[in-house]
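# Secondary and tertiary structure notes
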Amino acid sequence: MDSSILQHPNIQRTKDKVRLTAARLVDHHINLAVTGLSGSGKTAFITSLVNQLLEANEDANLPFFSVVREGRLVGVKRDVQPNLSFRRFAYEDAMLSLSKAEPEWPLSTKGISQVRLKIKYKKSSGVSKYLSKDATLTLDITDYPGEWLLDLPLLDMSYEQWVEQCQSELAEPVRAELAKPFLSALAALKPMEVADELILKNIAELYAEYLHACQKRGLQLLQPGRFILPGELAGAPALHFFPLLPIYDSDLSFDSKKVAKGSQADLIINRFEHYKLKVVQPFFREHFKKFDRQVILVDCLNALNNGYYCYQDLQKAIDWLLGSFQYGSSSILNRLFQPKIDRLVFAASKADHVTPDQQGNLVKLLESMLRSARKNIQFNGVKTESTAVASIKTSRTGLGELEGDNIQVLQGQNNLGKTITLFPGEVPQACPPASFWDAQNFEFPNFMPPLLGGSHSLPHIRVDQVLEFLLADKLK
Ligand code: GDP
């Protein structure tokens, strides 16, 4: 064929158009949500995810991330985030803390924040491989506290039912002890008297203090979620309510119809309803519709360290949290918000706190925690994966000797900056019975972040596998 025909301006224009259309066809978008309860490792995880992607073609270590392994990743850059009213995810601050001569952990998640990345890559297959040069995947990552997810079941509860639930939680001696200041202030309240905002505010603060005290003791099933992490609602009257536990004469009994208008009880119930309608509902409506992939981080090791009761409490919190992802037509989430999440990763975080030979057990432990909820999710066609990750690997593995046998040991820096070598112990494959804890405790260590030296990429365990599961199908 005469090649000058191909140079004709009309042909050139058509070729350009085809290229543009093809590029549009292959440009994808993923809305990834990362959640987990306080301290589960969300900030560290997102920092690592962003870091691995930004440094993917430099010194990041991502053997299981196919687009990198196949040499098709052109480049990644941070872009303007889509929702301008969210906090910008503080990636640069986090990297600054981690790059210090004495590295520090970045500040934990306190509310919702976002980061957008543009991932430019070469197509591996299909017609578009020939038609377009590079394609782009836009990745929006949203970080939000798992505590806010725990509020979802409230939407199906009346105030009376919520009080009943709080009462059953307080049957636990640990909680009852911590609730004493709240309970004694509550006993002095006269619910039928004319409403006094200041009195309600003071008692609500005691209720929040009780929840914070529970959190300090390692408990995780804490509601309402905004009492723990209020975000923009700190100090707002929307949070000045609490459960009127049945320590009053039975004639009150919280039949909302019997509560006098303008009374303390009336105001409390109104605020509870306001919380459901104006705080919890909008959060799910605004965000869940948009998310299409989700990571849930669970700190199983810390729960083991905190003992049987805390472990069981985390189990309950996880059941509640995963209730949010049940896709059956009767679930609250589906009824109200119709989410479209199609891939879900459950990750046991901080896997660098155990020796490599125990990481399989850590995944089994996580799976035992998720068993019932996970069945439901798979049934509803969501692809799920459970794994154990270290977003930022802080330890090295070596060999030690125990009673004549060679065993794997870990080496890392404690919070005094001292290098320690230890055998952190075995991870059980499921929660041991209560009697086990009578005889012994778990003591998985905490390490300081590693010295990065000249490297710009964060050492990790299996973050590349998580990236592969979450992104690879959109980078083909
Ligand atoms: P968030 O509350 O979910 O945002 O939790 P963070 O990401 O702030 O993590 C809480 C703490 O867990 C950090 O300050 C670290 O001490 C620890 N941590 C988080 N991720 C890792 C990890 O990958 N390895 C280790 N060793 N510790 C971690």
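Here goes a summary of the coordinates provided. Since the structure is predicted, the reported quantities are computational estimates derived from the model, not experimental observations. Starting afresh in each chain, residues are numbered from 1 along the sequence in its written order. Per-residue local features of the predicted model are confined to residues with pLDDT of at least 70, and side-chain atom pairs are confined, for both listing and counting, to 80 or more; whole-chain, interface and lining totals are unaffected and use all residues. With hydrogens and water excluded, all non-hydrogen atoms of the structure serve as input to the side-chain values.

Attention now moves to the nonpolar core. Within soluble globular proteins, side chains that are nonpolar generally end up buried alongside one another. Definition used in this section: a nonpolar core is a set of buried Ala, Val, Leu, Ile, Met, Phe, Trp, Tyr and Cys residues joined via side-chain atoms within 4.5 Å. Type-normalised accessible area, obtained with a 1.4 Å probe on protein chains alone, sets the label of each residue: buried when under 20%, exposed when over 50%, and partly exposed for intermediate values. Trp162, Tyr207, Phe242 and Leu362 are the most contacted members of the largest nonpolar core, which totals 89 residues. A total of 10 residues in this core trace back to one element, the largest contributor, which is helix α13 (residues 264-288). A domain-level breakdown of this core finds at least three residues from each of domain 1 (17-149 + 286-393 + 453-474) and domain 2 (152-284). Residue contacts for Tyr207: discarding those within four places in its chain leaves Trp162, Cys166, Phe182, Gln223, Pro224, Phe227, Phe242 and Pro243. Counting 44 residues, the second-largest nonpolar core is a separate cluster that includes Leu117, Ile119, Tyr121 and Ala347. To qualify as a helix, a DSSP run of H or I must reach at least 4 residues; to qualify as a strand, a run of E must reach at least 2; elements of each kind are numbered from the N terminus. Domain start and stop points were drawn from an automatic or database domain assignment. Note on definitions: a residue-residue contact is assigned when non-hydrogen atoms from the two residues lie within 4.5 Å.

On a regular strand, one side chain projects to one face of the sheet and the next to the other, so that they alternate. By the criterion of burial, strand β7 (residues 343-348) is predominantly enclosed, with six of the six residues buried. If DSSP finds at least two bridges between two strands, the strands pair. Alignment of strand β6 (residues 293-298) against β7, held across six bridges, turns out to be parallel. For Val295, the partnering residue across the bridge sits in β7 and is Val345. The pairing of β7 with strand β8 (residues 383-388) spans six bridges and is classified as parallel. What sits directly across from Ala348, in β8, is Ala388.

Take the sheet that holds strand β10 (residues 405-413) next. What links the strands of a sheet is backbone hydrogen bonding, and the strands pair in either a parallel or an antiparallel sense. Pairing within the open sheet is antiparallel, and its three strands lie in the order β9-β10-β11. Strands at the two margins of the open sheet, each flanked by one partner only, are β9 (396-402) and β11 (419-422). Each strand axis lies, on average, 35 degrees off the axis of its neighbour in the sheet, ignoring direction. One ladder, built from seven bridges, connects β9 with β10; its direction is antiparallel. The residue of β10 that forms the bridge with Gly398 is Val409. Interaxial angle, 0 to 180 degrees, is taken between N-to-C directions of lines fitted to C-alpha atoms, where a helix line uses only the stretch in contact.

Assignment of secondary structure puts Asn414 in the loop between β10 and β11. The class of Asn414 is buried, set by a relative accessible area of 16%. As used in this structure description, the phrase polar contact means that two N or O atoms lie within 3.5 Å; if the pair is within protein, one of them must be able to donate a hydrogen and the other to accept it, and residues adjacent in sequence are counted only when both atoms belong to side chains. Among the polar contacts made by the side chain of Asn414, one reaches the main-chain amide nitrogen of Leu416 at a distance of 2.9 Å. Not counting chain neighbours up to four residues away, the residues in contact with Asn414 comprise Ile420, Asn446 and Met448.

Here the amide bond leading from Gln223 into Pro224 is cis, since omega sits at -5 degrees, within 30 degrees of zero. In this fold, Pro224 is placed in the loop between α11 (197-216) and α12 (225-228). A positive phi angle, near 60 degrees, is found at Lys350, a position not held by glycine. Tracing the sequence through the fold places Lys350 in the loop between β7 and α17 (359-379). What makes Lys350 partly exposed here is its relative accessible area of 25%. Within the chain, Arg462 stands out as a residue other than glycine whose phi angle is a positive 65 degrees. By the element assignment, Arg462 lies in the loop between α18 (434-439) and α19 (463-471).

The rule for a residue being near a molecule or strand is that one of its heavy atoms must lie within 4 Å of it. The full set close to the ligand counts 18 residues, and Gly39, Lys42, Thr43, Ser108 and His353 are the nearest of them. One of the backbone N or O atoms of Ser40 is found 3.4 Å from an oxygen atom in the ligand. In isolation the ligand offers 570 Å² of accessible surface; the protein chains occlude 90% of this area. Any residue that is not Ala, Val, Leu, Ile, Met, Phe, Trp, Tyr, Cys, Pro, Asp, Glu, Lys or Arg is counted as polar, Gly included; the first ten are nonpolar and the last four charged. Split by residue class, the shell around the ligand holds five nonpolar, 10 polar and three charged. Here, Shrake-Rupley sampling with a 1.4 Å probe gives the accessible areas, and only protein chains in the shown set may cover a residue.

Along helix α10 (residues 180-187), the residues classified as buried are Phe182, Ala185 and Leu186. One side of α10 holds all its buried residues, which, seen down the axis, span an arc of 100 degrees. Of the surrounding elements, those touching the buried residues of α10 are α11. This arc is built from the directions going out from the helix axis to the C-beta atoms.

This paragraph deals with the packing of aromatic side chains. Here is the rule: rings of Phe, Tyr and Trp (six-membered ring for Trp) pair when centre to centre is within 6.5 Å. Planes less than 30 degrees apart are stacked, more than 60 are edge-to-face, and the remainder are tilted. In the structure shown here, the tally under the stated rule is 21 aromatic pairs. Taken together, a centroid distance of 5.9 Å and an interplanar angle of 10 degrees make the contact between Phe442 and Phe444 stacked. Taken together, the ring pairs in this structure connect Tyr159, Trp162, Phe182, Tyr207, Tyr210, Phe227, Phe241, Phe242, Phe272 and Tyr275 into an aromatic cluster. Lying over the aromatic face of Phe469, Arg343 brings its terminal NZ or CZ to 5.2 Å of the ring centre. Geometrically, a charge over a ring is one whose NZ (Lys) or CZ (Arg) sits within 6 Å of the ring centre while staying within 35 degrees of the ring normal.

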